[in-house]
Amino acid sequence: MSNAIGSKRSLHRSHSLVARKNETSALTSRVASTMSAGSRRGSTEEVGWYGIFSQEDIDALAVAAIQRLRALFVLHGFKPLVTPDVLKQLQENCGYIPPKKKWWKWKKPVKEDKDKNDKVMTVALCKSIEYASMACENESTFNLRRIPILAYECINFLKANGLKSNGIFRVNGSERRMAQLATVFDAGPKYGLGFSFEGYTVYDVADFLKRYIRGLPEPLLTTELYPFFLKCLEVPVEGGARIKAFRWLIMLLPPSHLILLEQMLELFSLVAGFAETNQMTSNNLARIFSPNILKPKSDKQALEEFQSCSFVVEFMIENVDQFSITSRDVRPFEILDTSYMAKKARKETKGNTNVAASSGSLGVAPTAGPPSSQSNDVPPLPSMAPQADPAPTVDRKLSF
C-alpha cells in the first residue's frame, strides 16, 4: 500500500515538473516571437512589450497567470479555482467571439442599416476600438495600447484641467451638455478626435466619462472575474502576495479592458494626489466607481460585497504602479513572479496640467479599508508553480 502511494506521489511530482518545463519552453518561444516582432519593427527596446504582442503571446501570458493563481488559491484553500475556461467566457462576454446560439432562444435576424454610422456609447470596447480609438502614446504606429477616442480625450482634459476641482466625479454634470458630448463622440468619422471641450465644465466631462464607463455592455473588470477579485482581497499582504494575485488576475482581462483600466487607475491616482484640495481620496473614488467597473452577474449585490468591491478598487488605486502591465517599459513575462515593481518616476508635467508629481508623491491620507502593501522593502516571493494541480491547458483558438 505504501509503495503504491509513494509511486502515485512520485508520478504526480513528475507530472508537475513536466508541466513546469513545458510552460518554461512555451514562454521562451513566446519571448522569441516578440523578439522577432521587435526586430521587424526595427526597435530592440520594445522586445517583450505588451503593445507588440501577438495573439499567442497574450494567450501564453494568460495561461501562465492562471497557473500561478491556481497555485495561490490552492495554498490558501480558496474556491472556486481559476480555470482556462474563464478565458473563453471572457471573450464571449466582451464581444470578441459571438455567443453560442441556442435553438430555443432563436430570433429572426434584424436587418442592419448599412448607412448608420458605428456608435461608441454602450458599444463593447473591442468593437469601438476598431474604428474609434487612439494610441495611448499618441503615436502614428499601430500597437495594442489603444483606448476609445472618447476616453482618450476626456482623460487628457481632466488631467490638464480637473485634478484640483472640488468633488470631481462626485458632482453631477449638466444633462444637456452631456447629451451634446454623446452626440459628438458617437459621430464618425472623427468620433470627437481633437474636441476642445470649450463651453463644458470639468464636472460635465468627468460625469460624462463616468457615464460611459457605466454604460459598457461588459464592466471593465468583467462579471466573469468578479468572484476572483473578491477572493484576491483575502490574500495576505505580507511579502507582496496580494499584489501578485491582483496582477495575475488583471493579466486575464482582454487587451481593450486591461489598457483602459490602466488609464483610468492612473487618472484616479492623480486625482487622489490632490485629495486635500479636491476632497476626493482613493476611498471616495473607489466608492463611486466600484459599482461601475466591478459588478456581479446578478443584479443583486449584498452590502458586504459592495464594500469589498470598494476595497478592491481602492487597493488598485493606491498601488497603481504595481498594476502597469502594458506600459512600454514593462515586460509582462518578466514580472510574473515579481512581488514588487519599483515605482517609476513620474515625469513632471508643465503647461496646462500644472502637476509636479515625482515618484511616490501621490499618496493620500490613510482611509478605512484593507491594509495596503506600501513598502519598498517587500521581499520577492519564490515562483508559485502549482504542485497540487497539473498545469492547465488552453485552447489556442482564443482570439482576444
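The residue count restarts for each chain, going from 1 along the sequence in the order it is written. The predicted nature of this model means local features are confined to residues of pLDDT at least 70 and side-chain atom pairs, given and counted, to a pLDDT of 80 or more, with totals for whole chains, interfaces and linings taken over all residues. By convention in this description, side-chain values take in all heavy atoms of the structure and omit both hydrogens and water.

With that settled, consider the overall build of the protein. Check the secondary structure of the protein and you find 13 helices and two strands. For the protein, buried positions account for 50% of its 400 residues. Per-residue and other accessible areas follow the Shrake-Rupley method at a 1.4 Å probe size, with only the shown protein chains counted as cover for residues. In the structure as shown, the protein presents an accessible area of about 19,900 Å², 54% of it carried by carbon and sulfur atoms. Numbering goes from the N terminus for both helices and strands, where a helix is a DSSP run of H or I of at least four residues and a strand is a run of E of at least two. With a 1.4 Å probe rolled over the protein chains alone, any residue whose accessible area is under 20% of its type maximum counts as buried; one over 50% counts as exposed, and the rest are partly exposed.

Before going further, it helps to examine the side chain of S128. One can find S128 in helix α4 (residues 125-131). Its relative accessible area of 0% is what places S128 among the buried residues. Those residues within four positions of S128 in sequence are excluded, and the remaining contacts are V120, V123, S133, P148 and Y212. In what follows, residue pairs with any heavy atoms lying within 4.5 Å of each other are defined as contacts.

On to the packing of aromatic side chains. Side-chain rings of Phe, Tyr and Trp (the six-membered ring for Trp) are treated as a pair once their centres are within 6.5 Å; stacked means planes under 30 degrees apart, edge-to-face means over 60, and tilted covers the remaining angles. Considering all chains together, one arrives at 18 aromatic pairs under this definition. Just above the ring of F315 sits the side chain of R242; from NZ or CZ to the centre is 5.4 Å. Any Lys NZ or Arg CZ that is within 6 Å of a ring centre and within 35 degrees of that ring's normal is treated as a charge sitting over the ring. Note that R328 overlies the ring of W49, its terminal NZ or CZ placed 4.1 Å from the centroid.

The next subject is the pattern of salt bridges. Just to be clear on terms, a salt bridge is a Lys or Arg side-chain nitrogen sitting within 4 Å of an Asp or Glu carboxyl oxygen. Under the criterion given, the structure shown has eight salt bridges. Here E266 ties to K159 by a salt bridge, and the two come within 3.6 Å at their closest N and O atoms. Placement of the pair is E266 in helix α10 (residues 255-272) and K159 in helix α5 (residues 149-161), with a sequence separation of 107 residues. Note that R177 and D204 form a salt bridge whose closest N and O atoms lie 2.4 Å from each other. Pair noted here: R177 is in helix α6 (residues 175-186) and D204 is in helix α7 (residues 202-214), with a separation of 27 residues, a long-range link.

Here α5 contains 13 residues, and its C-alpha end-to-end distance of 18 Å stays within 8% of the 18 Å for a straight helix at 1.5 Å per residue. Most of α5 sits inside the fold, with eleven of its 13 residues counted as buried. Contact partners of the buried residues in α5: β1 (133-135), β2 (146-148), α6, α7 and α10. Take the number of residues in a helix, subtract one, and multiply by 1.5 Å to get its expected span.

Tracing the backbone through its elements, the reader meets G240 in the loop between α8 (226-232) and α9 (241-250). The buried category is assigned to G240, whose relative accessible area is 2%. As a C-alpha pair, G240 and T338 span 98 residues in sequence and 8.7 Å in three-dimensional space.

A score from 0 to 100, pLDDT tells how confident the predictor is in each residue. On average, residues of the protein score 76 in pLDDT, and 67% of them reach the 70 mark or higher. A low-confidence stretch, residues 11-21 (pLDDT under 50), is modelled with ten contacts involving residues beyond four sequence positions or located in other chains. Residue range residues 344-400 is modelled with pLDDT below 50. Its contacts to residues more than four positions away, or to other chains, number 135 contacts.

With that out of the way, let us pick up α7. For an α-helix the count is 3.6 residues per turn, leaving residues at separations of three or four pointing the same way. Its 13 residues give α7 an end-to-end C-alpha distance of 18 Å, which sits within 8% of 18 Å, the value for a rise of 1.5 Å per residue. Summarising burial for α7: ten of the 13 residues are buried, a large majority. Buried within α7 are the following residues: V202, D204, V205, A206, D207, F208, L209, K210, Y212 and I213. Those residues of α7 hidden inside the fold are in contact with α4, β2, α5, α6, α10 and α12 (282-293).

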